[in-house]
Amino acid sequence: MNWDDPTDAPGPERLVGSVADREDQAVEAALRPKDLDEFIGQEKVREQLDLVLRAARARGATADHVLLSGAPGLGKTTLSMIIAAEMAAPIRITSGPAIQHAGDLAAILSSLQEGEVLFLDEIHRMSRPAEEMLYMAMEDFRVDVIVGKGPGATAIPLELPPFTLVGATTRAGLLPPPLRDRFGFTAHMEFYEPAELERVIHRSANLLDVEIQADGAAEIAGRSRGTPRIANRLLRRVRDYAQVKADGIITRDIAAAALAVYEVDARGLDRLDRGVLEALLKLFAGGPVGLSTLAVAVGEERETVEEVAEPFLVREGLLARTPRGRVATPAAWAHLGLTPPRPATAGNGQQDLFGT
């Protein structure tokens, strides 16, 4: 069971949103695994990271700098804490948006202890001056602090104790190559398979003292969009339903009924996702239609449709982005139980693009 704590909005109010709200953060603190053996999923990443950490411990050295990329809610913060625990080192947690000046970063780096783990979430959102200071700190464990301004400015070199930087990002493509190349180990976090999410749910249910049957865990896992954070959020809502409407035991029927109340369907789509698909299918015959037009039809901002709803719909194969606009796939028609319109054809049997 694994989560991370991205700072990007939007979404805590969505039950299937991957951004952690305060309730999520409080629960995650209690449920996070403490070591790699307890960490579920991400098998390749776990195996590779275990080798890196074992080798560092055998040498008596600090671990290489680590870059973790992937969607929110997959376990980047959890892995950073496990790295610190495996190395028996303290951890300092901050985020890219919090470091807007080189002086902010210098203050953090100068206070690190030897071997300490610095976790920098959303590292791609760090300011450029701080980013350039980080190059030297990662490579030479040294920073130059500028004192004064103009011609009289002086650079004072400041030696740093060896430390391990763990950077996390949801958008690895925004990291400049010089920064990316300074990480000794990089890993991409993949979405979870339903079977892995079932293990996550069973573990969480045990820690939360919730009785859940195998078919109930499978039902929740199938609607969790491949994300442990969402799986645990759905588990808590289903638990509430089971306690109020049933005998407290989560079965498949109870899970399905509870998530129907919260408008999360069998594929994990919520009200916003289905609203986008229904507008695309019913109002625009499956497209193509422009993003702005689609957003107006749904009654949402363009950015909300593009950044919140579309990524999952595209990943599920329900929607496609084309140069002419958004287009529904046959799977979208099938999911909503609708029949696609027959294309108009010209006399020669070929499709008439103008419908005449």
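See above for the structure.
Described below are features of the structure shown in this document. What you see is a predicted model, and the numbers here were worked out from it, not measured in a lab. (Residues numbered from 1 in each chain as written. Predicted model: local features only at pLDDT ≥ 70, side-chain atom pairs only at ≥ 80, totals over all residues. Heavy atoms only, no water.)

**A look at the packing of aromatic side chains**
Reasoning step 1: Applying the stated criterion across every chain yields a total of one aromatic pair.
Reasoning step 2: Geometrically, the ring pair formed by Phe141 and Phe163 is edge-to-face, given 5.5 Å between the ring centres and 80° between the ring planes. You can see Phe141 sitting in the loop between helix H5 (128-140) and strand E4 (142-147) and its partner Phe163 sitting in the loop between strand E5 (154-159) and strand E6 (164-169), a full 22 residues away along the chain.
Reasoning step 3: We classify Phe141 as partly exposed; its relative accessible area is 21%.
Reasoning step 4: Take Phe163: its relative accessible area is 1%, and that puts it in the buried class.
Reasoning step 5: Sitting above the plane of the Phe312 ring, Arg225 keeps its charged end 3.8 Å from the centroid.
Reasoning step 6: The cationic tip of Arg315 hangs over the ring face of Phe191; the distance from NZ or CZ to the ring centre is 3.6 Å. (Phe/Tyr/Trp six-rings, centres within 6.5 Å; stacked < 30°, edge-to-face > 60°. Helix = DSSP H or I, 4+ residues; strand = E, 2+ residues; numbered from the N terminus. Buried < 20%, exposed > 50% of the residue type's maximum accessible area, 1.4 Å probe, protein only. Lys NZ or Arg CZ within 6 Å of the ring centre and 35° of its normal.)

**Quick look at the sheet that holds strand E2 (residues 91-95)**
Reasoning step 1: The strand order E2-E3-E6-E1-E7 describes an open sheet built from five strands, whose pairing is parallel. The open sheet has two edge strands with one neighbour each: E2 and strand E7 (185-188). Pairwise comparison of adjacent strand axes, ignoring direction, gives a mean angle of 15° for this sheet.
Reasoning step 2: Strand direction decides the pairing type here: strand E1 (residues 66-69) and E6, joined by four bridges, are parallel. Among the inter-strand pairings, Leu67 is bridged to a residue of E6, identified as Gly167.
Reasoning step 3: Across the sheet, helix H3 (residues 76-86) touches E1, E2, strand E3 (117-121) and E6, and the angle it forms with E3 is around 175°. (Pairing = 2+ DSSP bridges. Axes fitted to C-alpha atoms, helices over the stretch in contact; angles between N-to-C directions. Contact = heavy atoms within 4.5 Å.)

**With respect to unusual backbone geometry**
Reasoning step 1: Residues other than glycine seldom take positive phi values, yet Ala88 does so here, at roughly 55°.
Reasoning step 2: Among the secondary structure elements, Ala88 is positioned in the loop between H3 and E2.
Reasoning step 3: Taking the relative accessible area as the measure of exposure, Ala88 reaches 74% and is therefore exposed.
Reasoning step 4: A positive phi is found at Arg225, a non-glycine position, where the angle reads about 55°.
Reasoning step 5: On the secondary structure map, Arg225 appears in the loop between helix H8 (214-222) and helix H9 (228-245).

**Some remarks on the pairing of strand E8 (residues 319-322)**
Reasoning step 1: One ladder, built from four bridges, connects E8 with strand E9 (residues 325-328); its direction is antiparallel. Looking at E9, one finds that Ala320 is bridged to Val327.

**Quick look at helix H12 (residues 291-298)**
Each turn of an α-helix holds 3.6 residues, which means side chains three or four residues apart point in the same direction.
Reasoning step 1: Within H12, the full set of buried residues consists of Leu291, Leu294, Ala295 and Val298. Down the axis of H12, the buried side of the element spans an arc of 100°, and every buried residue falls inside it.
Reasoning step 2: Tucked into the core, H12 has its buried residues touching helix H11 (271-283), helix H13 (302-315) and E9. (Arc of directions from axis to C-beta.)

**Some points on the nonpolar core**
Reasoning step 1: One finds Leu49, Leu79, Ile201, Ile212, Ile220 and Ile250 to be the most contacted residues of the largest nonpolar core, which totals 51 residues.
Reasoning step 2: By residue number, the principal contributor to this core is H9, which donates seven residues.
Reasoning step 3: Sequence-distant contacts of Ile220, that is, excluding residues within four places in its chain, are made with Ile201, Ile212, Ala231, Leu234, Leu235, Val238, Ile250 and Ala255. (Core = buried A, V, L, I, M, F, W, Y, C linked by side-chain atoms within 4.5 Å.)

**Focus on the packing of H11 against H13**
What describes two packed helices is the angle between their axes and the distance between those same axes.
Reasoning step 1: Taken N-terminus to C-terminus, the directions of H11 and H13 make an angle of 90°; their axes are 10 Å apart at the nearest point. Between H11 and H13, the interaxial angle falls into the category roughly perpendicular. Judged by residue contacts, Leu272, Asp273, Val276 and Leu277 of H11 engage Thr304, Val305, Val308, Ala309, Phe312 and Leu313 from H13.
Reasoning step 2: By residue class, the composition of the contact of H11 with H13 is eight nonpolar, one polar and one charged. (Parallel < 35°, antiparallel > 145°, perpendicular 65-115°, else oblique. Nonpolar A, V, L, I, M, F, W, Y, C, P; charged D, E, K, R; others polar.)

**Considering the environment of Glu316**
Reasoning step 1: If you trace the backbone, Glu316 turns up in the loop between H13 and E8.
Reasoning step 2: Residue classification places Glu316 among the partly exposed positions, given a relative accessible area of 26%.
Reasoning step 3: Here the alpha-carbon distance between Glu316 and Ala332, two residues 16 residues apart in the chain, equals 9.3 Å.

**A few points about the pattern of salt bridges**
Reasoning step 1: Considering all chains together, one arrives at 17 salt bridges under this definition.
Reasoning step 2: Between Glu219 and Arg252 there is a salt bridge whose closest N-O contact spans 2.9 Å. Taken together, the residues span a long stretch of sequence, with Glu219 in helix H8 and Arg252 in helix H10 (residues 252-261) at a distance of 33 residues.
Reasoning step 3: Residue Glu219 is classed as buried on the basis of its relative accessible area of 13%.
Reasoning step 4: Assessed through its relative accessible area of 37%, Arg252 is described here as partly exposed.
Reasoning step 5: Across the pair Arg239 and Asp240 runs a salt bridge, and its minimum N-O distance is 3.4 Å.
Reasoning step 6: Put simply, Glu219, Arg223 and Arg252 are held in one network by salt bridges that share partners. (Salt bridge = Lys/Arg side-chain N within 4 Å of Asp/Glu carboxyl O.)

**Concerning H11**
Reasoning step 1: The end-to-end C-alpha separation of H11 is 17 Å, in line with the 18 Å expected for 13 residues at 1.5 Å each.
Reasoning step 2: Of all the residues in H11, the buried ones are Leu272, Asp273, Arg274, Val276, Leu277, Ala279, Leu280 and Leu281.
Reasoning step 3: Turning to H11, the residues buried within the fold contact H12, H13, E8, E9 and helix H14 (330-335).
Reasoning step 4: Two or three places before Leu272, at the opening of H11, Asp270 has a side-chain oxygen 3.3 Å from that residue's backbone nitrogen.
Reasoning step 5: A positive backbone phi angle near 55° is found at Ala285, which sits one or two residues after H11. (Expected span 1.5 Å × (residues − 1). Polar contact = N/O pair within 3.5 Å; in protein donor to acceptor, adjacent residues only side chain to side chain.)

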